[in-house]
Amino acid sequence: MNDHYLDHLRREKLDQAISIPKALHFGPRQSNEVAGYTLLTLADLRPDQKWSEATAPLRGIKGIIDFMREYYNVSYAPNTRETIRDEAVEYFVSAGLLLTNPDNPNWPTNSGKYVYQITNETLQLLKNFNTEQWNNTSKIYLEQIEPIRQELTRMRKAADLSLTFS
């Protein structure tokens, strides 16, 4: 594959990945290039693969950065880990698209073994992207994910309540 064609495939796959959070009603911060590359990485999709080939590997932030560099020719410095975590991963987790540490829920956040994985529902949704089933699948997905989002929002608000002692 020549470099020009590979660059075209990379851009096309990124544009598609950015369109998915938009279709799921995510805001601009979660529908940007960082989010797109993160989604591609967590679906283990190289530029030359079809969405139907998506899988759900376990990946930490370092693994996400390494995948982006290897397959999408995008380099993020180690000090940008927080950008990836804040702009994509954490929001995807809170929206119910990703699981944290499905292999061991006890890993602390600062552990090098802390990983993320797309949910089975998200995997099925991604596998249907660019197919005739996409509209129906995304509609069903949104209906299923909305109660989860509402519960996560309620839990976050409850956790944000501060206690005042007099």
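Residues numbered from 1 in each chain as written. Predicted model: local features only at pLDDT ≥ 70, side-chain atom pairs only at ≥ 80, totals over all residues. Heavy atoms only, no water.

## Focus: unusual backbone geometry
The test is simple: Strands here are runs of E lasting at least two residues and helices are runs of H or I lasting at least four, both read from the DSSP assignment and numbered beginning at the N terminus. Burial classes follow relative accessibility: with a 1.4 Å probe on protein chains only, a residue under 20% of its type's maximum area counts as buried, one over 50% as exposed, and anything between as partly exposed.
Positive phi values are uncommon outside glycine, yet Asp 44 reaches one of about 60°. Summarising the element assignment, Asp 44 is placed in the loop between α2 (33-42) and α3 (61-72). What makes Asp 44 partly exposed here is its relative accessible area of 21%. Of note, the phi angle at Asn 73 is positive, near 55°, even though the residue is not glycine. Relative to the helices and strands, Asn 73 is located in the loop between α3 and α4 (81-94).

## Comments concerning the side chain of Gln 49
Applied cut-off: Pairs of residues are marked as contacts when any of their non-hydrogen atoms sit within 4.5 Å.
Tracing the backbone through its elements, the reader meets Gln 49 in the loop between α2 and α3. Here Gln 49 falls in the buried class, since its relative accessible area comes to 10%. In contact with Gln 49, other than residues within four places in its own chain, are Lys 13 and Asp 44.

## Digging into the packing of α3 against α4
Basically, it comes down to this: A fitted line through C-alpha atoms represents every axis, and for helices the fit uses only the stretch in contact; the resulting angles, taken between N-to-C directions, go from 0 to 180 degrees. Any angle that falls under 35 degrees is termed roughly parallel, while one over 145 is termed roughly antiparallel, one within 65 to 115 roughly perpendicular, and all others oblique. Note that Gly is not counted as nonpolar here; it falls among the polar residues with everything else outside the nonpolar set of Ala, Val, Leu, Ile, Met, Phe, Trp, Tyr, Cys and Pro and the charged set of Asp, Glu, Lys and Arg.
Between α3 and α4, the shortest axis-to-axis distance is 10 Å and the interhelical angle comes to 95°. The pairing of α3 with α4 is recorded here as roughly perpendicular in orientation. From α3, Ile 61, Lys 62, Ile 64, Ile 65 and Met 68 reach across to α4, where they touch Arg 81, Ile 84, Arg 85 and Val 89. Among the residues making up the contact of α3 with α4, the classes are represented as six nonpolar, no polar and three charged.

## Brief notes about the packing of α2 against α4
The description of two packed helices rests on the angle between their axes and on the distance between the axes. Short version of the rule: Left-handed describes a crossing whose near helix is turned anticlockwise from the far helix by less than a right angle; the clockwise case is right-handed.
Look at α2 against α4: their axes get within 9 Å of each other, and the N-to-C directions meet at 60°. By the angle class used here, α2 and α4 are oblique. Classified by chirality, the crossing of α4 by α2 is right-handed. Every residue of α4 that contacts α2 at Val 34, Ala 35, Thr 38 and Leu 39 is listed here: Thr 83, Ile 84, Glu 87, Ala 88, Val 89 and Phe 92.

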